[in-house]
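Residue-level listing of the chains:
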Amino acid sequence: MQSKITNSVRWTIADLTIFEGDRANRYEIIDGELFVTRAPDWKHQEVCGRIITRLNFWSDETNLGRAAINPSIIFSESDNVIPDVVWASHERLERLLDDAGHLTAAPELVVEVLSPGKPNERRDREAKLKLYSVRGVLEYWIVNFREQSVEVYRRENAMLKLVATLYSQDEITSSILPGFSCLVSKLF
């Protein structure tokens with residue numbers, strides 16, 4: 001279950017130190033608002049593992065970039081998120097990482113696996129979609145393992161727009177991942 005702390009406080013990454021040691025929850029800040037979610041469940045993490053395995057296999061074959069699971073992206077003091085999976089080209093990755101190894105700008109691809117509950121879905125479909133769009137993500141996948149579908153958003157006219165909803169029998173490809181192809185059912 002996810003909750004959104006709503007009050008006049010504008011949260012920053014410095015405020016997150018008060019939650020250090022809490023392994024049961026995940027804390028993200030989007031436009032100064034704190035989002036608290038429970039740690040992901042087994043199926044959620046299994047799907048993340050399948051996605052990163054496919055991306056890593058392709059990345060190893062092409063040597064075009066690298067994928068990571070649950071990296072922190074610190075866009076600003078008031079925008080700090082932990083996407084489920086990201087992929088960045090080698091060229092972009094060199095510019096994205098700070099001295100501590102955190103991403104500080106948008107990777108080419110961000111993947112969010114939906115957690116149960118309307119508040120979680122709203123966060124991924126609205127708040128994160130807007131954040132990733134504004135910050136320059138080129139492609140955003142929202143993966144729904146309950147429906148076995150993937151919504152693919154691509155950058156068009158400086159915004160992320162829904163270009164396809166793919167189901168288990170469909171194949172996912174991407175212009176930012178040349179030659180990448182995966183049957184959607186293989187992600188579940």
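Quick summary incoming for the structure in this document.

Scoring rules and cut-offs
- Residues numbered from 1 in each chain as written.
- Predicted model: local features only at pLDDT ≥ 70, side-chain atom pairs only at ≥ 80, totals over all residues.
- Heavy atoms only, no water.
- Pairing = 2+ DSSP bridges.
- Helix = DSSP H or I, 4+ residues; strand = E, 2+ residues; numbered from the N terminus.
- Axes fitted to C-alpha atoms, helices over the stretch in contact; angles between N-to-C directions.
- Contact = heavy atoms within 4.5 Å.
- Expected span 1.5 Å × (residues − 1).
- Bend = angle between axes of the 7 residues up to and from the residue.
- Buried < 20%, exposed > 50% of the residue type's maximum accessible area, 1.4 Å probe, protein only.

### A word on the pairing of strand S11 (residues 159–167)
As defined by bridge partners, strand S10 (residues 149–156) adjoins S11 across 8 bridges and the pair is classed as antiparallel. In the sheet register, Glu156 faces S11, and the bridge partner there is Met159. The hairpin turn running from S10 into S11, its antiparallel successor, is 2 residues long, and Asn157 in that turn takes a positive phi close to 50°.

### Comments concerning the sheet that holds strand S9 (residues 139–144)
If you trace the 6 strands from one edge of the open sheet to the other, you get S4-S7-S8-S9-S10-S11, paired in mixed fashion. Lying at the two open borders of the sheet, with one neighbouring strand each, are strand S4 (65–69) and S11. Direction aside, the axes of adjacent strands within the sheet are offset by 15° on average. Relative to strand S7 (residues 85–89), S4 is paired through 5 bridges, and the arrangement is antiparallel. In the strand pairing of S7, Arg66 is matched with Ala88. Its contacts with the sheet put helix H1 (residues 42–62) on S4, S7, strand S8 (109–113) and S9, and the angle it makes with S4 is roughly 170°.

### Here we look at the side chain of Ser133
With respect to the secondary-structure elements, Ser133 resides in helix H3 (residues 118–135). Discounting residues that sit within four places of it in the chain, Ser133 has contacts with Arg155, Ala158, Met159 and Leu160.

### Observations concerning H3
Spanning 18 residues, H3 covers 24 Å between terminal C-alpha atoms, matching the ideal 26 Å at 1.5 Å per step. Of all the bends found along H3, the most pronounced is centred on Lys128 and spans about 35°. For H3, the set of buried residues is Asn120, Glu121, Arg123, Asp124, Lys128, Leu129, Leu131, Tyr132 and Ser133. One or two positions beyond H3, positive phi appears at Gly136, with a value near 100°.

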